[in-house]
Amino acid sequence: MKIENYNKEIHRESIDQMFDKYEWSKWDEEIIPPNSFVCTMNNKVIAFSCFYCLDVKAALMGFTIADPSINKMARSEALDALLNQVFERCEQLNMKHISYYTDSLPMVKRMEKLGMELTDNGTAYILVKAFGGSDIEYLKE
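Residues numbered from 1 in each chain as written. Predicted model: local features only at pLDDT ≥ 70, side-chain atom pairs only at ≥ 80, totals over all residues. Heavy atoms only, no water.

Engineer: For this particular structure, what's the right way to read the packing of aromatic side chains?
Structural biologist: The geometry of an aromatic ring pair is captured by the separation of the ring centres together with the interplanar angle, meaning the angle of the planes. One pass over the structure, following the stated rule, counts 9 aromatic pairs. On the numbers, 5.5 Å between centres and 80° between planes, the contact of phenylalanine 19 with phenylalanine 63 is edge-to-face. With phenylalanine 19 in helix α1 (residues 8-22) and phenylalanine 63 in strand β4 (residues 58-66), the pair connects residues that are 44 residues apart, well separated along the chain. For phenylalanine 19, a relative accessible area of 2% corresponds to the buried category. Residue phenylalanine 63 is classed as partly exposed on the basis of its relative accessible area of 33%. (Phe/Tyr/Trp six-rings, centres within 6.5 Å; stacked < 30°, edge-to-face > 60°. Helix = DSSP H or I, 4+ residues; strand = E, 2+ residues; numbered from the N terminus. Buried < 20%, exposed > 50% of the residue type's maximum accessible area, 1.4 Å probe, protein only.)

Engineer: What is the right way to look at the state of the cysteines in this model?
Structural biologist: When the sulfur atoms of two cysteines share a covalent bond, that bond is a disulfide. Tallied over the full model, the rule gives 0 disulfides. Lacking any disulfide linkage, cysteine 53 is separated from the closest cysteine sulfur, that of cysteine 90, by 6.8 Å. Residue classification places cysteine 53 among the partly exposed positions, given a relative accessible area of 37%. Its relative accessible area of 0% is what places cysteine 90 among the buried residues. (Disulfide = S-S within 2.5 Å.)

Engineer: Explanation requested: the sheet that holds strand β7 (residues 125-130) in the structure shown.
Structural biologist: Each strand in a sheet pairs with its neighbour through backbone hydrogen bonds, running either in the same direction (parallel) or in the opposite one (antiparallel). Here we have 7 strands laid out as an open sheet, ordered β1-β2-β3-β4-β5-β7-β6, and mixed in their pairing. The open sheet terminates on both sides in strands that have one partner only, identified here as β1 (2-5) and β6 (117-121). Taking each pair of neighbouring strands and ignoring which way they run, the sheet shows an average axis angle of 25°. Summarising the sheet, strand β3 (residues 44-53) and β4 pair through 6 bridges and their orientation is antiparallel. When the sheet's bridge partners are listed, alanine 47 is paired in β4 with alanine 66. Strand contacts of helix α2 (residues 72-92): β1, β2 (36-41), β3, β4, β5 (97-102) and β7, with the helix running at about 30° to β3, the strand carrying the most contacts. Each of β4, β5, β6 and β7 is contacted by helix α3 (residues 105-113), which is oriented at about 15° to β7, the strand it contacts most. (Pairing = 2+ DSSP bridges. Axes fitted to C-alpha atoms, helices over the stretch in contact; angles between N-to-C directions. Contact = heavy atoms within 4.5 Å.)

This is the structure in C-alpha cells:
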C-alpha cells in the first residue's frame, strides 16, 4: 500500500469510477484541493481523501472514499493509512484542528478510532481532531 499526492492526470479516472460505484456526483476538478491524497495498491487507486486549509489554523476534510469492490480488510487498512496521512499533513501545516461532517456511522467509528471526537450527533455527525494540545471543548454542543 502506498500513499501519494493526488494527480488529476494519473488518478482522476479511478476516483470517478469510485464515485460511480456509490452513485455519488463527481467533484468538479477545480474544487479538489492541493491537499488531496490517494492510497494505491499494486498501482491501483483504492482510496481518496482531501482537506481544505481555511484562512485560519483549521482545516475541513472533504470526501473520503474507498473502492467498494476491494476486500473489506484491505479497504479498511487503506482508509486508516490515508486518514493518518491527512492528519500528519495537518500537523505539518500547524493546523489547530480539522473538522469532518458525515452521515455514515461506520465512518464516525473509524474517525473516533483515529482520534477524532464526536461533537454533534443530530441528523449528521460532526467530528473534530485537535493538534498540538489545542482545545476543542468550545466546539461541543
